[in-house]
Amino acid sequence: MQQSPPDPAEGALSPAPSRDGHRLVFANQLRGLAALAVMVAHLIGVFWGGREIVGITTSSPPQTGELPGIFALVGQPWFNFGPFGVAVFFLISGLVIPISLGAHSRATFILARLLRIYPTYLAALAVNLAVVWLASRYWGLPFAHAGSTILANALLLQDILVKPTVDLVNWSLVVELKFYLLMTLLAPAIRRGSVSALFAIGFGALAANLALGAPFFAAAVAPWRAPFNGVLFSTPYLVFMLIGVLFNYRLRGLLSAPGLLAGMAGLGALFVACWRAGPFPEGYPHVLVNYAYALALFGGLFLVRGHLRPFRPLDALAAISFPLYLVHSLVGYSLLKLLMIAGGLGYYPALAITVPSVMAVAVLLHLGVERWSIEAGKRLARRPAAPGWLTRLSGRGAELVRS
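So, a few notes on the structure that sits alongside this text. (Residues numbered from 1 in each chain as written. Predicted model: local features only at pLDDT ≥ 70, side-chain atom pairs only at ≥ 80, totals over all residues. Heavy atoms only, no water.)

**Structural notes on the overall build of the protein chain**
1) Next: Looking only at helices and strands, one finds 17 helices and zero strands in the protein chain.
2) Next: For the protein chain, buried positions account for 53% of its 403 residues.
3) Next: Look at the contacts in the protein chain between residues 6 or more apart in sequence, and 81% of them connect residues 24 or more apart.
4) Next: Surface exposure of the protein chain reaches about 16400 Å², of which carbon and sulfur atoms provide 71%. (Helix = DSSP H or I, 4+ residues; strand = E, 2+ residues; numbered from the N terminus. Buried < 20%, exposed > 50% of the residue type's maximum accessible area, 1.4 Å probe, protein only. Contact = heavy atoms within 4.5 Å. Areas by Shrake-Rupley, 256 points an atom, 1.4 Å probe, with all protein chains shown as cover.)

**Some thoughts on unusual backbone geometry**
1) Next: Residues other than glycine seldom take positive phi values, yet Leu156 does so here, at roughly 60°.
2) Next: Secondary-structure assignment places Leu156 in the loop between α5 (147-154) and α6 (171-185).
3) Next: Among the residues examined, Leu156 registers a relative accessible area of 2% and is labelled buried.
4) Next: Positive phi values are uncommon outside glycine, yet Val162 reaches one of about 55°.
5) Next: Mapped onto the elements of the fold, Val162 is located in the loop between α5 and α6.

**As for the pattern of salt bridges**
1) Next: According to the stated counting rule, one finds three salt bridges in the structure shown.
2) Next: With a shortest N-O distance of 3.0 Å, Glu370 and Arg116 are connected by a salt bridge. Taken together, the residues Glu370 in helix α16 (residues 347-379) and Arg116 in helix α4 (residues 106-139) connect sequence positions 254 residues apart.
3) Next: Of the charged contacts, one joins Asp159 and Lys178 as a salt bridge, the two residues approaching to 2.5 Å between their closest N and O atoms. A residue pair is termed long-range when its members are at least 10 positions apart, and Asp159 in the loop between α5 and α6 and Lys178 in helix α6 qualify at 19 residues. (Salt bridge = Lys/Arg side-chain N within 4 Å of Asp/Glu carboxyl O.)

**Section: the packing of helix α8 (residues 195-213) against helix α12 (residues 257-277)**
1) Next: At their nearest, the axes of α8 and α12 sit 9 Å apart, and the two run at 15° to each other. If you check the angle between α8 and α12, you find them roughly parallel. For the element pair α8 and α12, the recorded crossing hand is left-handed. Taking contact as the criterion, the partners of Leu198, Phe199, Gly202, Phe203, Ala205, Leu206, Asn209 and Leu210 in α8 are, on α12, Gly263, Gly266, Leu267, Leu270, Ala273, Cys274 and Ala277. (Axes fitted to C-alpha atoms, helices over the stretch in contact; angles between N-to-C directions. Parallel < 35°, antiparallel > 145°, perpendicular 65-115°, else oblique. Left-handed = near helix turned anticlockwise from the far one by under 90°.)

**Digging into the packing of α12 against helix α13 (residues 286-303)**
1) Next: Where α12 contacts α13, the two axes come as close as 11 Å, and the packing angle between them is 160°. With respect to α13, the element α12 is oriented roughly antiparallel. With respect to the hand of their crossing, α12 and α13 are arranged in right-handed fashion. Contacts between α12 and α13 involve Met264, Phe271, Val272 and Trp275 from the former and Val287, Leu288, Tyr291 and Leu295 from the latter.
2) Next: A class-by-class count of the residues in the contact of α12 with α13 yields eight nonpolar, no polar and no charged. (Nonpolar A, V, L, I, M, F, W, Y, C, P; charged D, E, K, R; others polar.)

**Let's talk about helix α15 (residues 321-342)**
1) Next: If you check α15, its first and last C-alpha atoms are 29 Å apart, about what 22 residues at 1.5 Å a residue would give, namely 32 Å.
2) Next: Along its length, α15 reaches its greatest deviation from straightness, about 50°, at His328.
3) Next: The element α15 is extensively covered by neighbouring structure, given that 18 of its 22 residues are classed as buried. (Expected span 1.5 Å × (residues − 1). Bend = angle between axes of the 7 residues up to and from the residue.)

**Re a nonpolar patch on the surface**
1) Next: A cluster of nonpolar residues, Leu151, Leu155, Leu157, Ile160, Leu161 and Val231, forms a patch on the protein surface that exposes about 480 Å² of accessible area.
2) Next: Residue class for Leu161 comes out partly exposed when judged on its relative accessible area of 44%. (Patch = residues over 30% accessible without salt bridge, like charges linked within 9 Å, V, L, I, M, F, W, Y side chains within 5 Å.)

**Some points on the environment of Ser148**
1) Next: Mapped onto the elements, Ser148 comes out in helix α5.
2) Next: For Ser148, a relative accessible area of 41% puts it in the partly exposed group.
3) Next: On a C-alpha basis, the gap between Ser148 and Lys163 in space is 8.2 Å, while along the polypeptide they are 15 residues apart.
4) Next: A polar atom in the side chain of Ser148 sits 3.3 Å from the side chain of Lys163. (Polar contact = N/O pair within 3.5 Å; in protein donor to acceptor, adjacent residues only side chain to side chain.)

**A word on the side chain of His42**
1) Next: You can see His42 is positioned in helix α1 (residues 25-49).
2) Next: By relative accessible area, which is 13% here, His42 ends up buried.
3) Next: With near-sequence residues (within four places) excluded, His42 lies in contact with Phe47, Val169, His328, Ser329 and Tyr333.

**Comments concerning the packing of aromatic side chains**
1) Next: Across all of its chains, the model carries 28 aromatic pairs by this definition.
2) Next: Between Tyr138 and Trp139, the ring centres sit 4.9 Å apart and the planes meet at 90°, which makes this aromatic pair edge-to-face.
3) Next: Through successive ring pairs, a cluster of aromatic residues spans Phe90, Trp171, Phe233, Tyr237, Phe240, Phe271, Trp275 and Tyr291.
4) Next: Between the NZ or CZ atom of Arg113 and the centre of the ring of Tyr180, over which it lies, the distance is 5.0 Å. (Phe/Tyr/Trp six-rings, centres within 6.5 Å; stacked < 30°, edge-to-face > 60°. Lys NZ or Arg CZ within 6 Å of the ring centre and 35° of its normal.)

**What to know about the side chain of Thr149**
1) Next: Looking at the element boundaries, Thr149 is found in helix α5.
2) Next: When residues no more than four places from it in sequence are discounted, the contact partners of Thr149 are Lys163, Pro164 and Val166.

**Overview of α6**
1) Next: In this model, α6 (15 residues) spans 22 Å end to end at C-alpha, consistent with the 21 Å of a helix rising 1.5 Å per residue.
2) Next: Most of α6 is tucked away: twelve of the 15 residues are buried.
3) Next: Within the span of α6, buried status applies to Ser172, Leu173, Val174, Val175, Glu176, Leu177, Lys178, Phe179, Tyr180, Leu182, Met183 and Thr184.

Written out as structure tokens, the structure reads:
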């Protein structure tokens, strides 16, 4: 293997130099934690707190009964497991996607990313829709989703086509696809570690949100306001993902510790500004504080990344995190209702059956679809003349991209 020169910045943010094999272990472990956080938010919080919307999206009657005691875990105004977990996923993507970009041409990068997302996503969507269809037949209720809505969601274009989400989680994949497009357009700048390019995107996103709020521009685009809102919805998250790119620069020795901290502060401010100026600021400040928690955790583990080692339970959870993210909501909601309403089980026994069942579905999707799609994307990589940092990181980083 080609030996790379020592990373001149290594150690400034890490208490001890790390071996290459352990530099991204923290990101893999965070994937498992993020998946668990999102599942907790949905199968405990949304299941009970959003009974009507859960009933509509699963073609089942609304859940009845008193809130279980565990609901207090997710009912705190100062912490929300869902936004926290998604924010962690976004930071991981920002960290590792430039590694994938460095291993590809622009064309093969896009193809590899599409292979990474769509096969597993479409398989999970088929499972979700089959479960909801069976639920509609069992409960004698109309099937929840029109054909045009399903098609828009299958293409992950529901934001532009102004269609509702069918699974309540794929909105984040829409953001990811836009991030991949940004990375493709900025490929030379990302490869050389340009911070100014990231801030240009941040200021551009803020300008777009402010423009749509200006009376003259708003009137001019009024007939297309809904698609514009759908696209602008992604902009705060895209800016937040750029913070993950700063960590990538730092990992590659292209950014100093003060530069990383200053960049985090600047892009963080732009993230908040985009959120407040955007079309859907209702979650402010409760959503934003959870993104701050995620950034604090991510940054802290980045500091000690050289000391972290693989941990089998988290590694196993990380391996299935993408299909688990996709199927846990609709499959989980539907099974919980079947066990509780039809089967007469209490919530806790039903949850104890539902969680491993959903994980089993995720394992099947991982083994049957996701592993193949990952390998197919890797085969597209441009192997000759890889830079030293890429040689060290690309193999591990390719496994960490959530998609």
